[in-house]
Each structure stands twice: as C-alpha cells, then as structure tokens.
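# An overview of the molecular structure
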Amino acid sequence: MDTAKDLDAPELAALLHFYADAGVEWLAEDDPVDRFAQFAAQRAAKAEARIPASARGTLAQNETATNTGGAAAPSRAGAGSAARASAPSPAAPSSSAPVSVPDGEAVAAARFAAESARSLPELKTALEAFSGCNLKNGARSTVFASGDPASGIMVIGPMPNADDDRDGIPFSGRQGQLLDRMLGAIGLAREAVVLTNMIPWRPPGNRMPSPAEMEICRPFLERQIALAEPKTLLLLGTFPARFFFGVNGTIHSLRGEWRDVTIGGWNTAAIATLHPQELIAAPANKALAWQDLLTFKSRLTSH
C-alpha cells in the first residue's frame, strides 16, 4: 500500500512539470468554489427544465400562494417536481469562466478589432482585450509577437507551449533555446527577427486548435503580417505549413521549398522546416532542418 510522504525538491519539481505537460494550469482558484452547491443548482435547473410548460404557470402560482400564506396545494401532475423546484437554489459561484460568443459573431468581432489596429502595439492591446475565443479562458498569457519588424523576417510557429504561456513570450524554454541556436547558426538572433505563433493562447494540454478557434484567431495573425510586412517567412511545423501553403501533408513533404504566399493582403515568400520540438523528439531530423536553414540563409543573402 502506498503511503503519503513529503516530497523533496527534485520530486516536487518533477511533479509540477508533469502537471504542466498534462495541461494543468493551476492547483487552486483565487476564490473558493462550493462544488456541492454548484452541482445542486445544476440539478435543480435540469429538474425545472423537465417540467411541461403548461405546468410551470401552476407551479409558480402555488409557490406564490405558499410564500404569502395561502392554502393552495400543488396540482397532482406537478407535485413531485414542485417539491424539488421549491427548494432554494444555491448561488452560482462567482469564479466561473466567461463564455465566448458564437463562432460567427466572434470571427466578425476579431476581424473588426484586428483591422482597427494601426500598429503592432495597438494590435497587441486589441488582442489582450479580445474575449471572443475560449482558448483565452484557460491560458495564463496572451503571447504576442516579439522582435524587430524592420528585419523583414518573420518566424511563425503553431501555438504557445507551457513555457510560452508562463513567460508570456513566444519560443521560451527548451524549444526556444534550440531555436536560438538554429537562428544563430545562420547568423541571426531572436531580437533581430519577428517571432510569433498562429494562435496567441495555449490550448489546454497542448492540443491542436479547432477549425473554429483558428478562424477566430486568423484576423489577428493576418493583421500581424500586414503590419510587420515581412519579406520572408520561416514556418515551423506541419500546422503553419498547411495553413500558409493551403495543402495537406506532413512537414516532411512540405519543407525545404520556397513558395509565394498571400496572407492578409500581403505578398511574401515562405519556406517551412521542422519545429524545434520535433527536433528534440527526433534529433536525427536536425540534418533536414539544417538543409532548410541553409536554403533560407541563401535567399536572405541574395536579396
């Protein structure tokens, strides 16, 4: 039988890393939540919803009569439901997450907010104020682009990971360190390019964003590109490659080839390569990524 014991520092660190990788964002909420009261309220609401509409008026009259001292008795048809519905409903917890507007309305709101921005700082402010995507409800940070737009180079990944979400900047942690070395190998630094992700909020458990979530985030990505005006795009991973090239396939079939793309009304050239996480998981693929980086560098030096 396992027994509880205090964890030492290495064990505690390993446990917290496991929780973070599993998508656990926090272990306690800011305000206490009475889950029993929340469940009772939900059960009472479901019971009331099962009452026929024709009987609800009678039940309301009976409850009014009871509260004012009247002797009216509930009808036989609604007696059981009335007993359940007459119990006071616990107050709903105040810490529940906000609910996003329907997808179509959210896309329109995102497009309006993005197109209203006249600079990258304004776009960041608009993105931080936007509440139309459920991904934001479960994320710690809104991860916006960083770096120098004057370079004409934009590096685009799929979405923030746990380190990005914690630090609030793209390509943090181990993946970011590897990307720094990849860029350094061809004479670039993260401060001298623009780093960003297609999705500004980390999906729970690092899952892929749904098509609806991508459509909500698309106007902000397109506006980022239109405002930064990059001459070249370096796409990291399958998800960005499929999005920008408009074709299916894995990164192994889409990498290493320059393509002309139009996004947000801006025409530019893009090349795809493997994401740093894919290189960490399969180091043998670093040779392929190095070939792609050399191709990328060759275009930079020739233009």
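A brief look at the structure comes next. (Residues numbered from 1 in each chain as written. Predicted model: local features only at pLDDT ≥ 70, side-chain atom pairs only at ≥ 80, totals over all residues. Heavy atoms only, no water.)

### A look at the layout of surface pockets
Cut-off, in case you're wondering: Think of a 1 Å grid over the protein atoms and nothing else: a 1.4 Å probe that fits but is trapped marks a cavity, an open set flanked by protein within 12 Å on at least five of seven lines marks a pocket, and residues with an atom within 4 Å of a point count as lining. Grid points are joined across faces, edges and corners, and a volume is the space filled by probe spheres set on the points. Secondary structure is summarised from DSSP: a helix means a run of H or I of at least four residues, a strand means a run of E of at least two, and numbering begins at the N terminus for each. For this scheme, ten residues count as nonpolar: Ala, Val, Leu, Ile, Met, Phe, Trp, Tyr, Cys and Pro. Four count as charged, namely Asp, Glu, Lys and Arg, and the remainder, Gly too, count as polar.
The calculated volume of the second largest pocket comes to roughly 280 Å³. Around the second largest pocket sit 15 residues that line it, and Pro 158, Met 159, Met 208, His 275 and Gln 277 are the ones nearest its centre. Of all the secondary-structure elements, those providing two or more residues to the lining of the second largest pocket are α10 (238–245) and α12 (276–281). No other element matches α10, which puts three residues into the lining of the second largest pocket. Classifying every residue of the lining of the second largest pocket gives seven nonpolar, seven polar and one charged.

### Considering the nonpolar core
Formally: By convention a nonpolar core is built from buried Ala, Val, Leu, Ile, Met, Phe, Trp, Tyr and Cys residues, the set being connected through side-chain atoms within 4.5 Å. Type-normalised accessible area, obtained with a 1.4 Å probe on protein chains alone, sets the label of each residue: buried when under 20%, exposed when over 50%, and partly exposed for intermediate values. Note on definitions: a residue-residue contact is assigned when non-hydrogen atoms from the two residues lie within 4.5 Å.
Counting residues in hydrophobic clusters, the biggest one holds 61 residues, and the most contacted among them are Ile 156, Trp 201, Phe 220, Leu 233, Leu 235, Phe 244 and Phe 245. Broken down by element, the residue count for this core peaks at seven residues, all from helix α9 (residues 211–228). The contact partners of Leu 235, leaving out residues within four places of it in the chain, are Ile 156, Pro 240, Ala 241, Phe 244, Phe 245, Ala 270, Ile 271, Ala 272 and Thr 273.

### Here we look at the sheet that holds strand β5 (residues 259–263)
Whether parallel or antiparallel, the strands of a sheet pair through hydrogen bonds between backbone atoms. Stated precisely, the cut-off is as follows: Paired strands are those between which DSSP finds at least two bridges. An axis is simply a line fitted to the C-alpha atoms; with a helix, the fit covers only the stretch in contact. Between two such axes, the angle follows the N-to-C directions and lies from 0 to 180 degrees.
Strand order in the open sheet formed by six strands is β1-β3-β2-β4-β6-β5, with mixed pairing between adjacent strands. Both outer strands of the open sheet, β1 (146–147) and β5, are each paired with one neighbouring strand and no more. In the packing of α10 onto the sheet, contacts are made with β2 (153–157), β4 (232–236), β5 and β6 (266–273), and the angle to β4 comes to roughly 135°.

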